[in-house]
Amino acid sequence: MSTPPALQGKHLVLGLSGGIACYKSAELVRELVRAGATVQVVMTEAAAQFITPVTMQALSGRPVFSSQWDARQPNNMAHIDLTREASAVLVAPASADFIARLALGRADELLGLLCLARPLQTCPLLVAPAMNREMWAHPATQRNVAQIVADGATVLGPAAGDQACGEVGDGRMLEATELCDEMIAFFQPKRLAGRSVLMTAGPTFEAIDPVRGITNHSSGKMGFAVARAAAEAGARVTLVTGPVHLPTPRGVRRIDVVSALQMLDAVLPEAPQHDIFVATAAVADWRPATSAEHKIKKDGSGRPPALAFAENPDILATVARLPADRRPWCVGFAAESHDLVRHAREKLERKGVPLIVANLGPATFGRDDNSLLLVDAAGERELPRADKLSLARQLVAEIAARLPPAQARASAA
Ligand code: C5P
């Protein structure tokens, strides 16, 4: 049931060039190691002005390299050896000067040298820029960034926000957790490259009056995990979510809604723009027929107010009934308390969707792990208990495998 950490088996060379963001690199090593990677730190002389090699050695559990003249390597070829076993080189922070050196192919210090000497086919280069906003915006830097991208590097960030110099703008290095997530995403198979995924997630909230309403215990975790997994797999993802307390997965476009009717209104114009629709939301079946304008007060009679209900539209079934040329390939979820297969099959028929993902409601709501049962025309397939992100990645693989080629519409159009 326990799934290996996402970077298990990955060996990363983490390069630090000079910049105040070096303080984030200490945390980054911890995140990468926690995610299962082994990390070899390489620092430029300038980086050592900002953080000591001692700190980086202690956190990575390996001596740091900072000079090509380091005699510790038996063959004295650190610049060659360090990348031969590496899954990738990540330079974080990448200063303006270091990016300029990469763009020129300079090799007069160890980090630049090993980037140049790395095997292009097996050891990709990722860089996380960190610099003052004016330096980032300067045409020279932009020219250099464009050059290293053309040479095959992947640029992560930078983010916008407060800068150490007191200015505000683009140029902040991504946070350690964001960079670690980017690395994890980088290594995921791009099964949905060129595809687009529309999703619903979370509960809905159906107002009774301005202060009360009807909702449920859906946390949104499973839906957000599927959105993240789809984005990691290379899809363009739009996530329509009810009220939840979850951060938006990186690269995912999020639309917040409250009620089922709002969710439907948000989904309908988006549906024809997407190849796949995954409905994970726990949509309330009914809403109060009217929502009181003011808080409903006790009237002293001892009788509760008579509430009338109206049935909510079925968002999934509505999308599944769109004309074929505007209909994404639909996946429904079914949270049941018993008779999983029977109820899932019923839902497959009733909603007219090619795949239903069934789970036991009480065993999933709010939890970090789950188990899923995939039900389609061909049969059933169990994805055994695991954390929701691992399950989401497996589900994305299952969806990608079932997606008919005819659905390969121009998703970015
Ligand atoms: O009918 P039931 O609520 O069990 O179906 C669950 C599936 O249908 C989920 O995929 C859910 O997101 C979707 N659904 C919907 N709109 C509703 C009710 C359910 O999209 N009003």
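Here the residue numbering is sequential within each chain, running from 1 through the sequence in written order. Thresholds applied to this predicted model are a pLDDT of at least 70 for local features of residues and 80 or more for the giving and counting of side-chain atom pairs; totals over whole chains, interfaces and linings are not thresholded and use all residues. To get the side-chain values, take all heavy atoms of the structure and skip hydrogens and water.

Visitor: Got a sec to walk through the pattern of salt bridges? Specific residues and values, please.
Guide: In what follows, salt bridge is the name for a side-chain nitrogen of Lys or Arg lying within 4 Å of a carboxyl oxygen of Asp or Glu. Counted under the stated rule, the structure contains 27 salt bridges. In this structure, glutamate 178 and arginine 250 form a salt bridge, with 3.5 Å as the shortest nitrogen-oxygen distance. Of this pair, glutamate 178 sits in helix H8 (residues 176-187) while arginine 250 sits in the loop between strand S11 (236-241) and strand S12 (253-256), and the two are 72 residues apart along the sequence. A 1.4 Å probe rolled over the protein chains alone gives each residue an accessible area, and that area as a share of the maximum for its type sets the label: buried under 20%, exposed over 50%, partly exposed in between. Classification of glutamate 178 as partly exposed rests on a relative accessible area of 25%. Residues glutamate 380 and arginine 345 are paired through a salt bridge, measuring 2.9 Å at the closest nitrogen-oxygen approach. Of this pair, glutamate 380 sits in strand S19 (residues 379-387) while arginine 345 sits in helix H12 (residues 340-351); the two residues are 35 residues apart in sequence, bridging distant segments of the chain. Using a relative accessible area of 44% as the deciding quantity, one classes glutamate 380 as partly exposed. Classification of arginine 345 as partly exposed rests on a relative accessible area of 28%. The structure contains a network of salt bridges with shared partners spanning Asp97, Arg101, Arg106 and Asp108. Counting from the N terminus, the helices are the DSSP runs of H or I reaching at least four residues and the strands are the DSSP runs of E reaching at least two.

Visitor: Which residues make up the site of the ligand, and what values do they have?
Guide: As a structural note, the neighbourhood of the ligand is formed by Ala279, Thr280, Ala281, Val283, Pro313, Asp314, Ile315, Leu316, Gly332, Phe333, Lys347 and Lys351. N or O atoms closer than or at 3.5 Å make up a polar contact, with two conditions inside protein: a donor-capable atom paired with an acceptor-capable one, and, for residues adjacent in sequence, both atoms drawn from side chains. A distance of 2.9 Å is found between a nitrogen atom of the ligand and a backbone nitrogen or oxygen belonging to isoleucine 315. A distance of 2.5 Å separates an oxygen atom of the ligand from a polar atom in the side chain of lysine 347. Methods summary: accessible areas were calculated by the Shrake-Rupley approach with a probe of 1.4 Å, and residue burial reflects only the protein chains presented. Here the ligand, which alone exposes 440 Å², has 87% of that area covered by the protein. Throughout this document, a residue counts as near a molecule or strand when at least one of its heavy atoms sits within 4 Å of that molecule or strand.

Visitor: Talk me through the side chain of serine 60; I want residue IDs and the actual numbers.
Guide: Looking at the element boundaries, serine 60 is found in helix H2 (residues 53-60). From its side chain, serine 60 meets the backbone oxygen of arginine 62 in a polar contact 3.3 Å long. Whether two residues are in contact is decided by their heavy atoms: any pair within 4.5 Å suffices. Contacts of serine 60, omitting those with residues within four sequence positions, involve Val29, Val39 and Val41.

Visitor: I'd like to hear about the side chain of lysine 347, residue by residue, with values.
Guide: Inspection of the secondary structure puts lysine 347 in helix H12. Judged by relative accessible area, which is 16%, lysine 347 ranks as buried. Engagement of the side chain of lysine 347 in a polar contact is seen with the side chain of glutamate 336, the distance being 2.6 Å. Sequence-distant contacts of lysine 347, defined by excluding residues within four places in its chain, comprise Ala334, Glu336, Gly352 and Ile356.

Visitor: Quick one: what's the story with the nonpolar core, residue by residue and with numbers?
Guide: Residues belong to one nonpolar core when they are buried, are Ala, Val, Leu, Ile, Met, Phe, Trp, Tyr or Cys, and are joined through side-chain atoms within 4.5 Å. Counting residues in each nonpolar core, the largest one holds 35 residues, and the members touching the most others are Leu192, Val197, Val278, Val357, Leu372 and Ile399. A total of seven residues in this core trace back to one element, the largest contributor, which is helix H9 (residues 221-232). Within the second largest apolar cluster, 34 residues are counted, among which are Leu28, Ala47, Met56 and Leu174.

Visitor: Please give an account of the sheet that holds strand S16 (residues 329-336) that cites residues and values.
Guide: When DSSP finds at least two bridges between two strands, those strands are taken to pair. An order of S12-S11-S8-S13-S16-S17-S18-S19 is seen for the eight strands of this open sheet, with the pairing classed as mixed. Strands at the two margins of the open sheet, each flanked by one partner only, are S12 and S19. Each adjacent strand pair in this sheet contributes to an overall mean axis angle of 20 degrees, direction not counted. As paired elements, strand S18 (residues 369-376) and S19 share seven bridges and run antiparallel to each other. By the bridge assignment for S19, aspartate 376 is matched with glycine 379. Each of S16, strand S17 (355-360), S18 and S19 touches H12; the most contacted strand, S17, lies at about 150 degrees to it. To obtain each axis, a line is fitted to C-alpha atoms, and for helices this fit is confined to the stretch in contact; angles are then taken between N-to-C directions over 0 to 180 degrees.

Visitor: An account of helix H4 (residues 96-104) is requested, with residue identities and associated values reported.
Guide: Buried within H4 are the following residues: Ala96, Phe98, Ile99, Leu102 and Ala103. Angularly, the buried residues of H4 cover 165 degrees about the axis, an arc narrow enough to put them on a single face. Each element contacted by the buried residues of H4 is listed here: strand S3 (88-94), helix H5 (110-117), strand S4 (125-129), helix H6 (133-137) and helix H7 (139-150). Downstream of H4 by one or two residues, glycine 105 has phi in the positive range, about 75 degrees. Note that the arc is computed from the directions linking the helix axis to the C-beta atoms.

Visitor: Give a detailed account of the packing of H4 against H7, specifying residues and quantitative values.
Guide: In contact at an axis separation of 9 Å, H4 and H7 are set at 50 degrees when each is read in the N-to-C sense. As summarised for this structure, H4 and H7 are arranged oblique, according to the angle between their axes. Handedness of the H4/H7 crossing: left-handed. On the side of H4, the interface is formed by Ala96, Ile99, Ala100, Leu102 and Ala103, while H7 contributes Thr141, Asn144, Val145, Gln147 and Ile148. In what follows, roughly perpendicular refers to angles from 65 to 115 degrees, roughly parallel to angles under 35, roughly antiparallel to angles over 145, and oblique to any angle outside these ranges. Helix crossings fall into two classes, left-handed where the near helix is turned counterclockwise from the far one by less than a right angle and right-handed where it is turned clockwise.

Visitor: Explain the sheet that holds strand S2 (residues 38-43) to me, and be specific about the residues and the numbers.
Guide: Either a parallel or an antiparallel arrangement is found when strands of a sheet pair, and the pairing is made through backbone hydrogen bonds. Across the sheet, five strands lie side by side as S2-S1-S3-S4-S5; this open sheet has parallel pairing. Unpaired on one side and paired on the other, S2 and strand S5 (154-155) mark the two borders of the sheet. As defined by bridge partners, S3 adjoins S4 across four bridges and the pair is classed as parallel. Across the sheet, the residue bridging to alanine 94 is proline 129, located in S4. Helix-sheet contacts for helix H1 (residues 22-34) involve strand S1 (11-16), S2 and S3, and the interaxial angle to S1 is about 175 degrees.

Visitor: Run through the domain arrangement of the protein, naming residues and quoting values.
Guide: For the purposes of this description, domain bounds are those given by an automatic or database domain assignment. Domains assigned within the protein are domain 1 (11-187) and domain 2 (196-291 + 306-407). A C-alpha centroid distance of 39 Å is found between domain 1 and domain 2. With six residues of domain 1 at the interface, the matching set in domain 2 holds four residues. Together, the buried faces of domain 1 and domain 2 total about 430 Å²; carbon and sulfur atoms form 45% of this surface. Contact with domain 2 buries surface across domain 1, with Asp181, Ile184 and Ala185 losing the most and accounting together for 62% of the total. Counting the contacts that link domain 1 with domain 2 gives three salt bridges. Using a 1.4 Å probe, buried area is obtained as the accessible area two parts lose upon being combined, added over both of them.

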